[in-house]
Amino acid sequence: MRPLRRGMKAVEELEEEMTEAAADSNEDPLEETEDLEPLEPDDGGTFQQVTNLLNIMDSGAAKTDAAGAGPDMRKTLASVIITEKATSEPSVVMNALIRCLQVPKISTQRKVNIYNILQEIIQQEGELEEQGVQRLVAIASKEMRETLEAEGYVKAEVASDTLAALSRNHFSLVMYELQHHLKPLNLTDEFVIITLAKLANGNVFEFMPYMGITLATIFTMLRLANEAKMRQVICSATETFCETVQFYLRHLEDSVYPVMTEDQFAVKLFPLYRYFVTVWLRNQNPEVKLGVIKSLKPMLNLLLPNDDLRDQVYDYIPLLLAEYRGSLEALFITQVLRQILEMSVTTNTPVPEMQLHTIFTELHVQVCAKVPAQQQYSSQNLVEIVQCFIALARSYPKELMKFFFSQIEMSKEAIRVGTLTLIRAVVSADEPRMNIRTISLAIRVVKNTLSDTRFKVRMAILRIIGQLALSGYQDRIKGWGLKYVSVQLTLSTYKLTNHRESFYQRDLEEKMVHKVTMDTVRIITSSVSGMTNEFWVRLLCYIMETDYTEALTPICISLTNLAERQLHTKDAAAGVASKSKHVDLPAPQKLLARLLVLMSSPYKGEGRGIAMLNLLRTLSQSIAPSMADMWEVEIPLLVKYLEEHTEFTWNQKTWEDKLIQFLRNSLKKTRGSNWSLRLSKELNNQIESFDSPSLEKGFLYRALGFTLAMGLEADKVEVLLLELLYKTDYSNDFDREGVILCFGLCARGQVKTVLNVLHDFEERIQESEQSWQIGAWRKDHPWRRETVKSALMVIYSCVASYCHPQMLLTHVDNPITAKIIHHYSSSCQDICLKMAFMKSVMQVTKAIKNIKDLEDFQFAQKMTLTGIITATIKEEPTDSLVSPVRTMAMEALSHLSNLKPFYSMEENNELMDISIHSVISLQPPAEDNESIQTLYANAMHALEQLMEGLMQRQLDPKGLQEMVHLLEKWILSEKEGEREKATNLHLHLMQIYVQSIGVCIPLKLGQFGMLVGLMAPCTCDSHRRTRIASMDVLSSLLDLHASQTCSSWGPSKELELAKCKEDLQGPDVEKIFSASSRIAKVACVQFNCDEVVSLIQKLCENIGAMDLQHDKASVTWIGTFLQMRAKELEDKVAEILGAILVHLPVVDHLEVRRCLIEGILLLAHYHQETVLTSLLRQPLPMERHLTEVWLAVAENVPFARTMLHGLMGRLQSRFTPKANATSKADIWRLAAVDPLMTLCTIHLLIQKIDVNDKLLDLFPDLIYTLLLQLSSSQGPEAMSPVLKTWRLVHAGMLPEEINLQRITIQSMQLLFRRLNSEQLVHTLEEQGVWALLQSSSTFLQGVGLLARLCMRSMEGYRQRLSELVLRGMDSDVLSCRISSTAVCVEFMSDPVLYQEKLLKPTVLLLEKGADQEDEALRVLSLRALGNMALGAPKKVRQYRKLLLEKCLDSLRGPVSTSVTSEGMEALAKILAELREGDVGSSFSVLCEQCRAFFDSESELLRLKAFVLFGRLAKVVGISKKHFFKEEVKKAWIPLLLHCQDPCPDAAQACVATVFQCAHFWGWKAPESSSGRSDSSTADEMTVLQTTLCSILTQKKPAVLYSFLLGTMTYVSSNLPRIRSAACDLAGVIMKQMSAHHLKKLDFPALRDSLQELQLDSDPGVRRAALETLKILDTCSQHLLLASSGGFC
């Protein structure tokens, strides 16, 4: 229906296109035909429609429609539409088409389409207008006569066909047009002649009136036709005209036109024949010659019946014969010549005798000469020539034979063979005219060649003899013919049986002669009666004597035919019978022996078996009358078997068994006579008549053995056996095996006789080397010791195989097996001897095993044989296979294993291991080495059988495990061949185990997983057979496990495994791995957790043992099992992970490592804590495989974040109280891990995690955790426990770069870089934060600086950091509290704590820290408390009591300098935010404690004390002013002195405090100098002191006196600058003191003190003391003067 739809759619589209074309052409419908004269009347649009359809046909090649109608269909449909339209309006359509033809510049294809359509219209029924037909004839005639070019030839051809079509209904018009252009003596156009020939062929009777004038006119053109093409056209047309005439003559009764006779036609035709033969045939153009020759045959059919013209035709025969020497195909010439010669015989008008020799010679040369290479029809030509000679023999027999005789006399082989071939053809011609005279002449010619020894001549003569017999001329060959056949039979047989290898060609020739001879013999014996006795004897003796057995079949058939004819012809039969009793015929036993042996190969020599059986049956009475009746029954059955089979379907052994049975039955008929013994002698005599090896000789040994076994006289049997032993060539394998078989068969009835003969033979040839080399009866074949020994061993074993069971048990140990061992042990043990020994062992053990009632028979020689065999196997090379020794050895072991006593399990394993090692490493043989392939296959099969046999003794899980253990190292071999063999062995054993055990004994725990894990990688082996075998092993294991565990194992899983197995057979690697993964999914559901662990452990163990493909398969299975079962493996995670991590370092390939790592990550996804703990417990430095694990973690950012949380938890757990585990996950989470490994892991993850992930949410926790870890690493007690573990794994110390501090700091640096804050990173580097953190002495400083920079640059993390800091401050770990407090110091200086409402808990924790014994913690706590004034100044008053209390506590008691200084600094900060009333009672304590540190040896304490005292001065209000004034008095001297403090900072602070306290003295003038208070020069201090002292002298001189006394106490200070300052100040005071107060001075004491300072080590002190001493002396003198003068 689909093509129909397409066609309908195409029609619709054509109609649409026609409508559109008509619409488009309405404007100028006759645009293309406007020049036509005259214009046709309107045809209703037909012309336009036809034009459109033609356009569609022209453009159809460029269009295709959607329905699939191609260009051809469109063209066809358009043509059909025009044709169908012509059915109703033929004239209209034809006129339209004619108008289309007249369109100028029309394409050739368009014209061809138009003419084709016109031809279809013309063939339709219906009348056409005469005018249209005339126009068409004129147009077509003109078309075909135009210049013939390439396209023009096509147009001319279709125009010619159109005229031929028109001629059927308008013959006259067409013929008139053609005859108009056919003018005498004017060469017409070639297509005019072609069209005339078409008209003649299509209109025979109408054309006949024009035939004469046409032929005559054409004859006038022959001289003008010079072109080859034109000559070919005329020849072809003439051939057509002649055939037309012959048709016309055969159907004259049907003609209505005037009748022309055959002679009339012949007369008009003969001039053309003469011109063709005499002129055109000599043309050099081969195509013209061929055209002429082909036209002659139909011309001769008309010419030869005419008596007058026939003789003229004979005259031109020499011209035809001359063409044999040209290039023309000889066949065509011979066909013409045969036509002439046969017509001469038919008409009894022989060719002229003068032409005979020429004809004989030319034809004879064609037969004898070598055929030219260009002749394609040589065989057909020879057939035609033979027919020519037969025709000649009928006309001129005598002349022909004379010609043959003249040719025979030539010595050339080709001429003789050709001549004899022609004679045979003449003889074979079924022609009554071939009289006896002709045959006699032929035989005379043949006899002249009998002495020719060339093989082709001999074959030709033999064929003639056979042909004479077939043609009924038997009497003509009885003498010379039969003799020649007999001679040739003998001669060819002799040459074939004594041929030389170097004369291969001669052998082929003789075989051909022999075959023809046999054919001739068959013909003669089936046709010639009255055969002479001599020929009968020759044929019968030929059977007995010839070594060329190929001729036996025809000879036997011939003899059978002759015998049957003689039996049926009474007189002849009597004559032959009487003669047969007296002639020298072979003995009956000899003939029977000969025929029996030959019949063992019944299909040789064209099926000689049937022929010989028929001959035996025919001669049964003559051979053995007692057997005749039995043969009449048995022989037809044997013949029937052979007839039912062919040489391709028969079975050699079956046939030999039938013959042996036939022999046995025959011998049974002769019991009690010596017939069997005589037959044995004849069989023995024929041994040397057959080659070795041959089927006949093999059967001969077998028949001899059976015949001897039936012999009644043992002594004569011994003689024959001993003779056979001595004359056997033991170096010939075939003869040796034949003798062995013969002795074995004989032992079936003569076992004692055989053993006696063997013993006698061994005694006669003594056990010395020289005696073994003596040739007893066969000196041409000296014996080899090993060869004879091997033969004797096999003979003994063969005797064991065939003798009676009870006799075997008696003799098997001794002498049979003992003799075998003796002969093997006493030889050099070459390959042949080893094979013989193994064969003997197998035969003996098989014989014992076949005994049904063995009972408790113990084979005493078993262990001895086992030791010899295993030693032999070990000696075999493991890499090459050159002999079947190892195969036979393993087969022998298999047979021995079945006999008692049985092998122990240890012995079984040892035997299997030896055998596997011997076979498994053998290289697979090349495909072109069939012998090695056979050895290889046999060795593998023997190994399988041995393992199967040994396994039967230990069919339990332990035995299976032992077997698999033996194969495992070969299954994991890197060599493809070893893997394949081991896998196949494993499969074989599994099949045996499953079939034998089934569900009886379950596998041990973990054994199933181990077995599957061993074979799973092999499913992706590069070798297809290994993959399939491993798949079968897995299927067996899964079936076994399912049956033993009663688990679900439905058809769907079996179907899935079958699909997987199919995919494994292809070469596509992706499909193979996909199939392996699917197998794993199917198998996974069958595993419990313990089996999963054993499977993964086994898979991991196997990684790296084989190639990459196996490793990929292993990790594919691991990944599949973990994906499906990871959730259930909580208790087994550590074991699985341990197995993976142990083997991961040895995995070299990246993809395999990646898959294993993915398995670890999959476990970590479900059991994070367990996996994390296991990974962190790995030793440092972190090995490559562990690094890759963490790198894989880093690639999965969400998972990496999770792992970072876990890692931080492990670090933070050190700083938090230990919790009790509530789950298995908690146990692993709380397990101890090395912090250094944890830090290294964190560092790796931070470094490798995606750079686009800033870890913003983890940043505070990570930074803080790392900071705490860094704090814990300070000090010598922070040694990493990993060192101890590491030393157990590696020798030496850890690399320097692997330590807690460096790793932690590097991790922190990586985190800061991730923030993309280059300024912060730069600041950290610039301010040396990392260097500070790395040193324990500056660690806290670095922490503070880090915290300060983070507070400034990372506002978003303040809250979280604050929470972490508080948690750290509350930790039980001191280092954590210290680091957290150091961070808190910076946080307290910022409003963050106050803003986050964390101030109160922070203060409480700081309060707690300030009370700790640790100095650093107290310092940091005090500093943080003091920083409250910076971060939360408004909260200072709220916490003033706590603050003041903790700070004052730091000033009391025996505390460190740092604590005291930090307390004073904190007080200074706090006091800045308090008022006088806020300090309360603590003010006096503060003042007192502060002054106590003015003279401290610590510069820091002095500094802080001066600053604090200045801060107190600022706090003092009205209520405390008087009190503080007194405090200022007390502190004034140290303040003034410490303005010269050796510590610049302390001196500067002291000066500032002095200016702050000066107003308490009511002194305001110095404040203007406060801007210069930073000067430390002596002059400035002198001015200051002088000014102060002058003020005091005026206002409070008593105070100045007390100041001097206080100042002098400092001259003994430990500080040189203070001593110097005290001297200077004392001098200034003394200068300003009033006389009244000078009198109170103890000048001697002062002088002593100052003089003592003159010995001070410091020069400045000495200088200041000297100046002061001078002042003292001056004052003392002034005082004396004042006392004496009354003033001072």
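These figures come from a predicted structure and were not determined experimentally.

With that out of the way, let us pick up the overall build of the protein chain. Along the protein chain, the regular secondary structure elements total 84 helices and 0 strands. Counting only residues that meet the buried cut, the protein chain has 54% of its 1688 residues in that class. Nonlocal contacts in the protein chain, meaning residues at least 24 apart in sequence, comprise 75% of its contacts between residues at least 6 apart. Put simply, the protein chain shows about 75,900 Å² of open surface, and 51% of that area lies on carbon and sulfur atoms.

The way to describe two aromatic rings as a pair is by their centre distance and the angle between their planes. Per the counting criterion, the structure on display carries 24 aromatic pairs. Their ring planes at 75° and their centres at 6.0 Å tell us that Tyr 275 and Trp 280 sit as a pair that is edge-to-face. Across this residue pair, the class does not change: Tyr 275 and Trp 280 are buried. Feature note: the residues Phe 1483, Phe 1494, Phe 1506, Phe 1509, Phe 1523 and Phe 1524 constitute an aromatic cluster, connected by ring pairs. The ring of Tyr 641 has Lys 658 lying over it, and the distance from NZ or CZ to the ring centre is 5.2 Å. Over the face of the ring belonging to Tyr 903 we find Lys 862, whose NZ or CZ atom lies 4.3 Å from the ring centre.

Bringing unusual backbone geometry into the picture now. In this structure, Pro 815 follows Asn 814 across a cis peptide bond, with omega equal to 20°. Residues Lys 900 and Pro 901 are joined by a peptide bond in cis, for which omega reads -5°. Positioned with a positive phi, Leu 185 is a non-glycine residue whose angle comes to about 55°. Within the element layout of this structure, Leu 185 appears in the loop between helix 8 (171-180) and helix 9 (190-202). Residue Leu 185 is classed as exposed on the basis of its relative accessible area of 67%.

For helix 72 (residues 1440-1449), the set of buried residues is Leu 1442, Leu 1443, Leu 1444, Lys 1446, Cys 1447 and Leu 1448. On its buried face, helix 72 is in contact with helix 69 (1399-1410), helix 70 (1415-1426), helix 71 (1428-1431), helix 73 (1457-1471), helix 74 (1476-1479) and helix 75 (1482-1491).

In this structure, Trp 1190, Phe 1312, Leu 1333 and Phe 1524 are the most contacted members of the largest nonpolar core, which totals 555 residues. Considering each element in turn, this core owes the most residues, 13 residues, to helix 36 (residues 733-764).

Examined against the element boundaries, Arg 1027 turns out to sit in helix 48 (residues 1024-1045). Apart from the residues lying within four places of it in its own chain, the contact partners of Arg 1027 are Cys 1018, Thr 1019, Cys 1020, Asp 1021, Ser 1022, Leu 1064, Gln 1065, Gly 1066 and Ile 1072.

Looking at the protein chain, the pLDDT average stands at 77 and 85% of residues meet or exceed 70. pLDDT under 50 marks residues 61-70. Its contacts with residues more than four places away, or in other chains, come to 15 contacts. Between residues 767-782, whose pLDDT stays under 50, and residues either more than four places distant or in other chains, the model counts 34 contacts.

For the structure shown, the criterion picks out 43 salt bridges. Linked by salt bridges that have partners in common, Lys 653, Glu 656, Asp 657 and Arg 702 make up one network.

There is a patch of like positive charges on the surface, built from Lys 398, Lys 402, Arg 437 and Arg 444. Positionally, Arg 444 belongs in helix 21 (residues 436-447).

Our next topic: the environment of Glu 1499. Position of Glu 1499 relative to the elements: it lies in helix 76 (residues 1499-1515). Separated by 42 residues in the primary sequence, Glu 1499 and Thr 1457 place their C-alpha atoms 9.9 Å from one another. Residue contacts for Glu 1499: discarding those within four places in its chain leaves Cys 1543 and Ala 1546.

Attention now goes to a negative patch on the surface. A cluster of acidic side chains, namely Glu 262, Asp 263, Asp 308, Asp 311 and Asp 315, defines a negative patch on the protein surface. Where the negative patch is concerned, the elements lending two or more residues are helix 12 (262-278) and helix 14 (307-315). Within the secondary structure, Asp 311 sits in helix 14.

The subject of this paragraph is helix 54 (residues 1150-1166). Taking 1.5 Å as the rise per residue, helix 54 with 17 residues should run 24 Å; its terminal C-alpha atoms sit 25 Å apart, in good agreement. Those residues of helix 54 that fall on the buried side of the exposure criterion are Val 1152, Arg 1153, Leu 1156, Ile 1157, Gly 1159, Ile 1160, Leu 1161, Leu 1163 and Ala 1164. For helix 54, the secondary structure elements touched by its buried residues are helix 52 (1108-1125), helix 53 (1133-1143), helix 55 (1168-1176), helix 56 (1184-1195) and helix 57 (1197-1212).

Closest axis-to-axis distance for the helix 6 (residues 130-145)/helix 8 pair is 10 Å, and the angle between their directions is 35°. Relative to helix 8, helix 6 is oriented so that their crossing is right-handed. Of the residues in helix 8, those touching helix 6 at Glu 130, Val 133, Gln 134, Val 137, Ser 141, Met 144 and Arg 145 are Leu 173, Val 174, Glu 177 and Leu 178. For the contact of helix 6 with helix 8, the class distribution of residues is 6 nonpolar, 2 polar and 3 charged.

Below, the discussion takes up the side chain of Asn 306. Along the polypeptide, Asn 306 turns up in the loop between helix 13 (286-303) and helix 14. On the basis of relative accessible area, Asn 306 is assigned to the buried category, the value being 9%. A polar contact is formed between the side chain of Asn 306 and the backbone nitrogen of Asp 308, at a distance of 2.9 Å. When sequence neighbours within four positions are dropped, the list of residues in contact with Asn 306 reads Asp 263 and Ala 266.

Relative to each other, helix 47 (residues 1007-1015) and helix 51 (residues 1089-1102) sit at 35°, their axes nearing to 7 Å. Seen along the crossing, helix 47 lies across helix 51 with a hand that is right-handed. Counting all contacts with helix 47, which are made through Gln 1007, Phe 1008, Gly 1009, Met 1010, Val 1012, Gly 1013 and Leu 1014, the residues of helix 51 involved are Glu 1091, Ser 1094, Leu 1095, Lys 1098, Leu 1099 and Asn 1102. Here the contact of helix 47 with helix 51 is composed, by residue class, of 6 nonpolar, 5 polar and 2 charged.

Our next topic: the environment of Ala 1331. Inspection of the secondary structure puts Ala 1331 in helix 64 (residues 1329-1334). On the accessibility criterion, Ala 1331 (54% relative accessible area) is exposed. Sequence separation between Ala 1331 and Gly 1342 is 11 residues; the distance between their C-alpha atoms is 7.8 Å.

Turning our attention to the environment of Pro 90. Of note, Pro 90 is situated in helix 4 (residues 90-101). The exposure class of Pro 90 is buried, given its relative accessible area of 17%. Sequence separation between Pro 90 and Ile 121 is 31 residues, and the spatial gap between their C-alpha atoms is 7.0 Å.

Reading the values: the criteria
Residues numbered from 1 in each chain as written. Predicted model: local features only at pLDDT ≥ 70, side-chain atom pairs only at ≥ 80, totals over all residues. Heavy atoms only, no water. Helix = DSSP H or I, 4+ residues; strand = E, 2+ residues; numbered from the N terminus. Buried < 20%, exposed > 50% of the residue type's maximum accessible area, 1.4 Å probe, protein only. Contact = heavy atoms within 4.5 Å. Areas by Shrake-Rupley, 256 points an atom, 1.4 Å probe, with all protein chains shown as cover. Phe/Tyr/Trp six-rings, centres within 6.5 Å; stacked < 30°, edge-to-face > 60°. Lys NZ or Arg CZ within 6 Å of the ring centre and 35° of its normal. Core = buried A, V, L, I, M, F, W, Y, C linked by side-chain atoms within 4.5 Å. pLDDT = per-residue confidence, 0-100. Salt bridge = Lys/Arg side-chain N within 4 Å of Asp/Glu carboxyl O. Patch = residues over 30% accessible without salt bridge, like charges linked within 9 Å, V, L, I, M, F, W, Y side chains within 5 Å. Lys, Arg positive; Asp, Glu negative; His and termini not counted. Charge placed at Lys NZ, Arg CZ, Asp CG, Glu CD. Expected span 1.5 Å × (residues − 1). Axes fitted to C-alpha atoms, helices over the stretch in contact; angles between N-to-C directions. Left-handed = near helix turned anticlockwise from the far one by under 90°. Nonpolar A, V, L, I, M, F, W, Y, C, P; charged D, E, K, R; others polar. Polar contact = N/O pair within 3.5 Å; in protein donor to acceptor, adjacent residues only side chain to side chain.

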